[in-house]
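# Structure at a glance
Chain residues, written in single-letter form:
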Amino acid sequence: MQQGLNPPQREAIRYLDGPLLVLAGAGSGKTRVITEKIAYLIGECGMQPAHVTAITFTNKAAREMKERVAKRVGERAGEVNISTFHALGAKFLRMEAQAVGLKPGFSILDASDTAALFQEMLKDADKSRVKWIQQRISLWKNALLGPEDVSPADDLEAGAARVYAEYERTLKAYQAVDFDDLIMKPVQLLERDEEVARRWRTRIWHLLVDEYQDTNRCQNRLMRLLTGERAAFTAVGDDDQSIYAWRGADVDNLRQLAADYPRLKVIKLEQNYRSTTRILKAANSVIRHNPKLFEKRLWSDKGHGDPIRVMACRDDQHEAEWVVTRLMAHKFETRGHWRDYAILYRGNHQARLFEQQLRAHKVPYVLSGGQSFFDRSEIKDVVSYLRLLANPDDDPAFIRAATTPKRGIGGTTLEALGHAAGRRHIGLFAAIFAPGLELEIKAPQLALLREFGGFVNRMAWRAQKEPAGQVLDDLLKAIGYEAWLFESMDARDAEARWANVREFVGWLSAKGEEEKKNLLELAQTVALITMLDKRDENVDAVQLATLHAAKGLEFRHVFLVGVEEGSLPHRESIEAGNVEEERRLMYVGITRAQMSLNISWCMRRKQGKEIVERAASRFIAEMGDDIKHEGAVPSAPTFADKAAEKAAGNARLASFKALLKQSP
DNA sequence: GCAGATTGGATTTTT
DNA sequence: TCCAATCTGC
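Here's what I pulled together on the structure shown here.

What chain A contains, in helices and strands, is 28 helices and 17 strands. Relative to a compact globule of 664 residues, whose C-alpha radius of gyration would be 26 Å, chain A shows 27 Å and is just as compact. Dimensions of chain A along its principal axes, counting C-alpha atoms only, are 80 × 60 × 55 Å. Within chain A, the fraction of its 664 residues that count as buried is 52%.

Moving on, we come to the sheet that holds strand β1 (residues 20-24). Adjacent strands of a sheet form backbone hydrogen bonds with each other and so pair up, either parallel or antiparallel. Spatially, the 6 strands line up as an open sheet ordered β3-β2-β6-β7-β1-β8, and their pairing is parallel. What marks the edges here is a single partner per strand, and that holds for β3 (81-84) and β8 (265-269). The average angle at which neighbouring strand axes cross in this sheet is 15 degrees, direction not considered. Two strands pair when backbone bridges link them, and β1 and β8 are joined in this way by 5 bridges, in the parallel orientation. Its bridge partner lying in β8, Val 22 is registered against Ile 267.

Let us look at helix α20 (residues 468-479). Compared with an ideal rise of 1.5 Å per residue, which puts 12 residues at 16 Å, α20 spans 17 Å between its outermost C-alpha atoms and is within 8% of the ideal. Along α20, the residues that are buried comprise Ala 468, Gly 469, Val 471, Leu 472, Leu 475, Leu 476 and Ile 479. Across the axial projection of α20, the buried residues extend over an arc of 165 degrees, all falling on one side. Of the exposed residues in α20, those oriented more than 90 degrees away from the buried face are Lys 477 and Ala 478. Check the buried side of α20 and you find it contacts α15 (377-390), α19 (443-465), α21 (481-488), α22 (491-515) and α23 (519-525). Gly 480 occupies a position one or two residues after α20 and carries a positive phi of about 65 degrees.

It is worth spelling out the sheet that holds strand β9 (residues 308-313) at this point. Spatially, 7 strands are ordered β11-β12-β10-β13-β14-β9-β17 in an open sheet, and the strand pairing comes out parallel. Taken across any chain shown, the strands that pair with only one partner, and hence form the sheet edges, are β11 (365-367) and β17 (627-630). Averaged over all pairs of adjacent strands, the angle between strand axes in this sheet comes to 20 degrees, irrespective of strand direction. Two elements, strand β10 (residues 341-345) and strand β12 (residues 542-546), share 4 bridges in a ladder whose sense is parallel.

Below, the discussion takes up the side chain of Asp 214. With respect to the element layout, Asp 214 can be found in the loop between β6 (206-209) and α10 (217-227). Residue Asp 214 is classed as buried on the basis of its relative accessible area, which comes to 8%. Ignoring sequence-local partners within four residues, the contact set of Asp 214 consists of Phe 57, Gln 219, Ser 242, Ile 243, Tyr 244, Ala 249 and Lys 551.

In the region of DNA strand B, 22 residues are neighbours, and Asn 59, His 86, Arg 346, Asn 348 and Thr 546 sit closest. Taken together, the sugar and phosphate atoms account for 48% of what DNA strand B places within 4 Å of the protein. With respect to DNA strand B, the side chain of Trp 246 contributes an N or O atom lying 3.1 Å from a base oxygen. Tallied by class, residues from the surface near DNA strand B come to 5 nonpolar, 13 polar and 4 charged.

Mapped onto the elements of the fold, Ser 488 is located in helix α21. Taking the relative accessible area as the measure of exposure, Ser 488 reaches 41% and is therefore partly exposed. Between the alpha carbons of Ser 488 and Met 95 there is a distance of 42 Å; along the sequence they are 393 residues apart.

The subject of this paragraph is the nonpolar core. Ranked by internal contacts, the top residues of the largest apolar core, which has 61 residues, are Leu 21, Ile 137, Leu 190, Tyr 212, Met 223, Phe 233 and Leu 257. With 7 residues, the top contributor of residues to this core is helix α7 (residues 155-174). Beyond its immediate stretch of four places on either side in the chain, Leu 190 contacts Phe 92, Val 196, Ala 197, Leu 222, Leu 225 and Leu 226. Counting 54 residues, the second-largest nonpolar core is a separate cluster that includes Ala 402, Ile 409, Phe 455 and Val 471.

Throughout the structure, instances matching the rule amount to 0 disulfides. Note on Cys 313: no disulfide assigned, nearest cysteine sulfur contributed by Cys 602 at a separation of 5.2 Å. By relative accessible area, which is 0% here, Cys 313 ends up buried.

Think of it this way: side chains of opposite charge can pair up when their charged atoms draw near. Summed over all chains, the structure comprises 51 salt bridges. The shortest N-O distance in the salt bridge between Asp 110 and Lys 380 comes to 3.0 Å. Highlighted residues: Asp 110 in the loop between β4 (107-108) and α5 (111-121) and Lys 380 in helix α15, separated in sequence by 270 residues. A residue is classified by how much of its surface remains accessible, and Lys 380, at 13% relative accessible area, is buried. Between Asp 239 and Lys 296 there is a salt bridge, with its nearest N and O atoms 3.9 Å apart. One end of the pair, Asp 239, is in the loop between β7 (233-237) and α11 (252-260); the other, Lys 296, is in the loop between α12 (277-287) and β9, with 57 residues separating them in the sequence. Like Lys 296, Asp 239 is buried. One continuous salt-bridge network, built from bridges that share partners, spans Lys 30, Asp 210, Glu 211, Asp 214 and Lys 551.

Moving on: the side chain of Gln 357. Looking at the secondary structure, you find Gln 357 in helix α14 (residues 351-360). Classification of Gln 357 as buried rests on a relative accessible area of 10%. Once you skip the residues sitting within four places of it in the chain, Gln 357 turns out to touch Gln 317, Ala 320, Glu 321 and Val 324.

For α22, spanning 25 residues, the distance from its first C-alpha to its last is 36 Å, which sits close to the expected 36 Å at 1.5 Å a residue. When we look at burial in α22, the residues that qualify are Ala 494, Trp 498, Asn 500, Val 501, Phe 504, Val 505, Leu 508, Ser 509, Lys 511 and Gly 512. Summarising the contacts, the buried residues of α22 are in contact with α15, α20, α21 and α23. At the C-terminal side of α22, Lys 516 shows a positive phi close to 55 degrees.

Contact geometry for α21 and α22: axes closest at 8 Å, N-to-C directions at 155 degrees. It follows from the interaxial angle that α21 and α22 lie roughly antiparallel. Every pair of crossing elements has a handedness; the one defined by α21 and α22 is right-handed. Across the interface between the two elements, Tyr 481, Glu 482, Leu 485 and Phe 486 of α21 pack against Ala 491, Ala 494, Glu 495, Arg 497, Trp 498 and Val 501 of α22. Grouping the constituent residues of the contact of α21 with α22 by class yields 7 nonpolar, no polar and 3 charged.

Closest axis-to-axis distance for the α20/α22 pair is 9 Å, and the angle between their directions is 155 degrees. Our classification of the angle between α20 and α22 gives roughly antiparallel. Residue-level inspection shows Gly 469, Leu 472, Asp 473 and Leu 476 of α20 in contact with α22, the latter providing Trp 498, Val 501, Arg 502, Val 505, Leu 508 and Ser 509.

Okay, the packing of aromatic side chains next. Tallied over the entire structure, the rule returns 12 aromatic pairs. With centroids separated by 5.8 Å and ring planes inclined at 45 degrees, the aromatic side chains of Tyr 244 and Trp 246 adopt a geometry described as tilted. A centroid spacing of 6.2 Å and a plane angle of 70 degrees characterise the contact between Phe 398 and Phe 429, whose relative ring orientation is edge-to-face. With Phe 398 in helix α16 (residues 395-403) and Phe 429 in helix α18 (residues 428-432), this residue pair connects regions lying 31 residues apart in the sequence. Accessibility classification places Phe 398 together with Phe 429 in one group, the buried group. Its guanidinium or amino end placed over the ring of Phe 106, Arg 94 lies 3.8 Å from that ring's centre, counting from NZ or CZ. In this structure, Lys 331 packs its charged tip against the face of Trp 338, placed 4.5 Å from the ring centre.

Rules behind the numbers
- Counting of residues starts from 1 at the beginning of each chain's written sequence and follows it residue by residue.
- Chains carry letters from A onward and ligands carry numbers from 1 onward, assigned in written order.
- A pLDDT threshold of at least 70 governs which residues receive local features in this predicted model, and a stricter bar of 80 or more applies before side-chain atom pairs are shown or counted, although totals over entire chains, interfaces and linings include all residues.
- No hydrogens and no water enter the side-chain calculation; it runs on all heavy atoms of the structure.
- Each helix is a run of H or I in the DSSP string that is no shorter than four residues. Each strand is a run of E no shorter than two, and both are numbered from the N terminus.
- Taken over C-alpha atoms, the radius of gyration is set against a globule rule of 2.2 Å times the number of residues to the power 0.38.
- Only protein chains enter the accessibility calculation, which uses a 1.4 Å probe. A residue is then buried if its area is under 20% of the maximum for its type, exposed if over 50%, and partly exposed in between.
- When DSSP finds at least two bridges between two strands, those strands are taken to pair.
- Every angle, taken between N-to-C directions, lies between 0 and 180 degrees, and every axis is a line fitted to C-alpha atoms, over only the stretch in contact when it is a helix.
- A helix is expected to span 1.5 Å for every residue after the first.
- By arc we mean the arc of the directions from the helix axis to the C-beta atoms, nothing more.
- Should any heavy atoms of two residues lie within 4.5 Å, those residues are counted as being in contact.
- Near, as used in this document, describes a residue that has one of its heavy atoms within 4 Å of the molecule or strand being considered.
- By the criterion applied in these results, polar contacts are pairs of N or O atoms within 3.5 Å in which, for protein atoms, one can donate a hydrogen and the other can accept it, and in which residues neighboring in sequence qualify only through two side-chain atoms.
- Residue polarity follows a fixed list, in which Ala, Val, Leu, Ile, Met, Phe, Trp, Tyr, Cys and Pro are nonpolar, Asp, Glu, Lys and Arg are charged, and the others, Gly among them, are polar.
- As used in this record, nonpolar core signifies buried Ala, Val, Leu, Ile, Met, Phe, Trp, Tyr and Cys residues forming a set joined through side-chain atoms within 4.5 Å.
- Any two cysteine sulfur atoms lying within 2.5 Å of each other are counted as a disulfide.
- Between Lys or Arg on one side and Asp or Glu on the other, a salt bridge is scored when a side-chain nitrogen of the former is within 4 Å of a carboxyl oxygen of the latter.
- Roughly parallel means an angle under 35 degrees; roughly antiparallel, over 145; roughly perpendicular, 65 to 115; everything else is oblique.
- If you view the pair so one helix is near and one far, a crossing is left-handed when the near helix is turned anticlockwise from the far one by less than a right angle, and right-handed when it is turned clockwise.
- For Phe, Tyr and Trp, rings pair up if their centres lie within 6.5 Å, where Trp contributes its six-membered ring, and each pair is then called stacked (planes under 30 degrees apart), edge-to-face (over 60) or tilted (otherwise).
- Note on geometry: a ring has a charge over it if NZ (lysine) or CZ (arginine) is within 6 Å of the ring centre and within 35 degrees of the ring normal.

Written out as structure tokens, the structure is:
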């Protein structure tokens, strides 16, 4: 049944005596362990599929896991709860809405929605300040601090705390939550309501958490609350691949886990099924320079493999030419496929020269990342209608829907409506039908508002009974969205946008039929989902990706480019004393490669107008000496560099410790 | 005074 | 590439 598993993998799958932490090195088959464990729990231990819950970070990972579990478990796989942290939180809140003071139709605001909200609240503050405040509030939420729990350290924080209070009031009025709330609110409820906690714990006999090193404090807390005393969980992670600290992920959760659960069993997966020995040696050698809690050494039986090359390039242009030339030569020599190659870099902008070069040689490529489908304005337009149908208190959705397409409702009217709503302490939509409104808004405007209000009500009514696709089609027809697109922009642009809308509608209605959900129910999940993009995998093209985006992926041949002081490690991270995370980024980059690894750096690089001198990254020297240097051998980092890194690291540790003392 | 064009500059990104 | 800030022309 569990063929081809190595002993630690098998142990991780069978271990059920208490909390388990699986330290899964890069390429050590961790997804396999999770899916096999789910199969084991159901097949061998007789657990009901519905009693198994697995949590991932991204929709993509959740989808992959579902597919693999389906292959392994068969038809009942659908009953296993596999979702992202946020989807689980959303499900929790829909079920417990009343207890947290929400209506079940509440809206979920995405990053751009909340950014707009903050911008609106802080009209005359500059962008960087708004960003700072928003980040601060998010940090507070992750630390489970409400506006009244915050003890501001200075005036800036005091200001942020006031904004926080107003922000919370606004969300409440809109019956909306943000992404942080999806974790924080369930945690708060589980902590104060033992009955709810007990109910959820009986539904989860075993909890599996993927990418545990990426959890923030709040997510970690949620995991503990959901498992309770029994602590029947399997956390899988790799501290060496923790590259999201800047986003709130707390690697220290790993250490805490060992401290909080004395019974915690730790199993290390060190056999790597991906890369050659040379590549793993270089990776081990680099990561050894970070202080370690759990020592881990990857090995494989794939043989030495090709030598690792480090190319010192004259300048960035030369680098792009060298990489693409070498890539093409290699591809034709080995008769491989374009999809076997990846070019990985630190920042998005670094892709540019490589794109140019690839295009010049007619090499097909795909760029990972970019703006998400759901961030497109035409999709947001449609989604605003959905949100409004599901949640009439959602004022931002109301404003967007009421004014798109233009139907004669403008700023002045909305402002008057806003005043009327404010005085009555109700939402904009509800205010439309408030008695006495004719004294505040002139008849023609009021007629327009009421017409729109009636339309929304009719659609919301139909949305409950008719198929989602049907209602959505009719809605778009009724508002004349297609015609409006063609009126307000040139035909090519409008064409593209309308195609996106069609795709979205098609996808939503298919989902509605598949999951037997009506439009209102679909509207509730739409903020959290991403459509399956078909351009993935099967395309034969060179992959261009940032190191962050490449995590979890593997490629036969990797070109790691721009490996210079200032880029990797990034200048800002060096200044912040955060070289360790950059080193992990390097580690992630190296371990993406299966067969060959090419590293390049530039002695000179164009930066804006000027040309700047650059030095090879310290990480190159840290890779050891089983390396074939081309161009020039980079000089080892000076003693001063190392001392500076150490000093910065110590300073960070000290401030971290101080912080720990402050907050219990 | 404002909209559209141009130029310049760039950590990393998901939910 | 994409986004934001600044510039230019009406």
